[in-house]
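Fold and geometry: a report
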Amino acid sequence: MNGPQDLGGQMGFGAIAPEPNEPIFHAAWERRALGVTLAAGAMGHWPGDEGRFTRESLHPVDYLSSSYYEIWLKALEKLLIRHGFVTRDELVAGRALTKGTTPKRVLAADAVAATLAKGSRYDRPIEAAAKFAPGQAVRTIHDHPSGHTRLPRYARGKHGRIEAVHGGFVFPDSNALGRGEQPQRLYTVVFHGPELWGRDCDPGLEVSIDAWESYLEPV
Amino acid sequence: MSMSHSDHPHDHDHEHGSDLSPTAARVKALETVLTQKGLIDPAAIDAIVETYETKVGPRNGAQVVATAWLDPDFRGWLARDATAAIASLGYSGRQGEHMQAVFNASGQHNLIVCTLCSCYPWTVLGLPPVWYKAPPYRSRATIDPRSVLAEFGLTLPLSTKIRVWDSTAELRYLVVPERPDGTDGWSRDELAKLVTRDSMIGTGLAKSPTSKEARP
């Protein structure tokens, strides 16, 4: 979706302001927000892609005026309500009022180290031969889906070159919407800076994205 | 822009009792409801937080880079199969399942961003800093990386080409900065101390052995 998350090339956000010796967390609640988000995700009821789509579906004003942990928190509440684990009334009351969905699993403290060390892979076997080869010229599609996509607006309808051909990966556009993983081959596609940004761009700049096969057309 | 840490200072000292900030109270309510319903284990939350506060951080990535500087075979492995090479040093897992290392060289500088969210190689760098997740960096890194680098105090010659890697899929990128001159004979641990977090994102270079600056 053309949401507030799609920030590449937008202007007016001001200085980056890196913080010397930045602490890992800036408030105690950020620790809990991180932990609760990961633990709730470990129940296994929604994929990370749905989590991302939920975050970028926050109202743009809300998204852009929230810190990143606030974005996580607001999206997690929506995910938990959508999947029947909690109700809005419970979040307001701060206590359990209903039974709710039974989780597939609950992350136990003694399983945390192994779970985090394992992660979750997103590569999938794929039978179809690669449609594109390294070095090949391609053009990205320039659709504007209202659902989830990982093709940023700045890289839509642009000419680029296949730099690397990867294996199959879970397709976020379908997975985020509950339509299954539908794995597709992934490519690293590199663009010449001025193709993306016009004549004022540093002519030596190259920018790459990782693009699923259906994001690309032969030239 | 309110995604900067400095814009929500009220959360710092209001973490207990009735002084909870609205956001802290909201998190507490959520955690309480989930705990009462048996959906989360608060001790698991503690363990997750402890992992990223004490075990997983940019020290891991610095060991990877220092090893690549010392061992050409490892460097080659890192270039071909970064996930396996990094795992051989003991670093694997969440947000590092599919790693790719990119190598700075004379005349070639690499910079990592996630314009669409906050994708970041947790296994080697830990949790991303606030600025990495905030709109100023995400909006400018692909269109004007030189101005971004300048804000980090890094001005590259115009003859140095910049390559920006936008992490749009599940590949997670680690920049391998160039080894500083004057470090012949240094041990892996000595070299690792020169490898800053920012040098592995591309917003900095490895520290010079004579430098006293200590940007994290």
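Residues numbered from 1 in each chain as written. Chains lettered and ligands numbered in written order. Predicted model: local features only at pLDDT ≥ 70, side-chain atom pairs only at ≥ 80, totals over all residues.

As for the packing of helix 1 (residues 28–41) of chain A against helix 1 (residues 22–36) of chain B
Remark: helix 1 of chain A packs on helix 1 of chain B, axes separated minimally by 10 Å, with the N-to-C direction vectors making an angle of 35 degrees. The crossing of helix 1 of chain A and helix 1 of chain B is left-handed. Contacts from Trp29, Arg32, Ala33, Val36 and Ala40 of chain A of helix 1 of chain A reach helix 1 of chain B at Thr23, Ala24, Val27, Leu30, Glu31 and Leu34 of chain B. (Axes fitted to C-alpha atoms, helices over the stretch in contact; angles between N-to-C directions. Helix = DSSP H or I, 4+ residues; strand = E, 2+ residues; numbered from the N terminus. Left-handed = near helix turned anticlockwise from the far one by under 90°. Contact = placed C-beta atoms within 7 Å.)

Notes on the interface of chain A and chain B
Across the boundary between the two partners, chain A contributes 77 residues, which contact 74 residues of chain B. Among the elements that take part in the side of chain A that touches chain B, helix 1 of chain A stands out by supplying eleven residues, more than any other. Classifying every residue of the side of chain A that touches chain B by side-chain character gives 44 nonpolar, 16 polar and 17 charged. Pairing between strand 5 (residues 206–212) of chain A and strand 3 (residues 161–166) of chain B: four bridges, direction parallel. If you follow Ser208 of chain A over to strand 3 of chain B, its bridge partner there is Trp165 of chain B. (Nonpolar A, V, L, I, M, F, W, Y, C, P; charged D, E, K, R; others polar. Pairing = 2+ DSSP bridges.)

Some thoughts on the domain arrangement of chain B
Split by domain assignment, chain B resolves into domain 1 (17–54) and domain 2 (57–201). With centres defined by C-alpha atoms, the gap from domain 1 of chain B to domain 2 of chain B works out at 32 Å. (Domains from an automatic or database assignment.)

Let's talk about the packing of helix 1 of chain A against helix 4 (residues 68–82) of chain A
Residue and element names in this part refer to chain A. With their axes 10 Å apart at the nearest point, helix 1 and helix 4 run at an angle of 35 degrees to one another. Seen from above, helix 1 lies across helix 4 with left-handed handedness. Touching Glu30, Ala33, Leu34, Val36, Thr37 and Ala40 of helix 1 are Tyr69, Trp72, Leu73, Leu76 and Leu80, all from helix 4.

What about the nonpolar core?
Formed by 110 residues in total, the largest nonpolar core has its most connected members in Val36, Ala39 and Ala40 of chain A together with Ile48, Val65 and Leu174 of chain B. The greatest single-element share of this core, amounting to eight residues, is contributed by helix 4 of chain A. Leave out the neighbours within four places in its chain, and Val65 of chain B touches Val176, Pro177, Val195 and Met200 of chain B. (Core = buried A, V, L, I, M, F, W, Y, C linked by C-beta atoms within 7 Å. Buried ≥ 20, exposed ≤ 12 C-beta atoms within 10 Å, placed from the backbone.)

Quick notes on helix 2 (residues 48–56) of chain A
In terms of burial, helix 2 of chain A is a largely internal element, eight of the nine residues being buried. In this structure, the buried residues of helix 2 of chain A make contact with helix 1, helix 4 and helix 7 (172–175) of chain A.

Focus: the pairing of strand 4 (residues 184–192) of chain A
Across a regular strand the side chains alternate sides, sitting on one face of the sheet and then on the other. All names here are of chain A. Of all nine residues in strand 4, seven are buried, a share of seventy percent or more. As judged from the seven bridges shared by strand 4 and strand 5, these two strands associate in the antiparallel manner. Bridged to His192 within strand 5 is Glu206.

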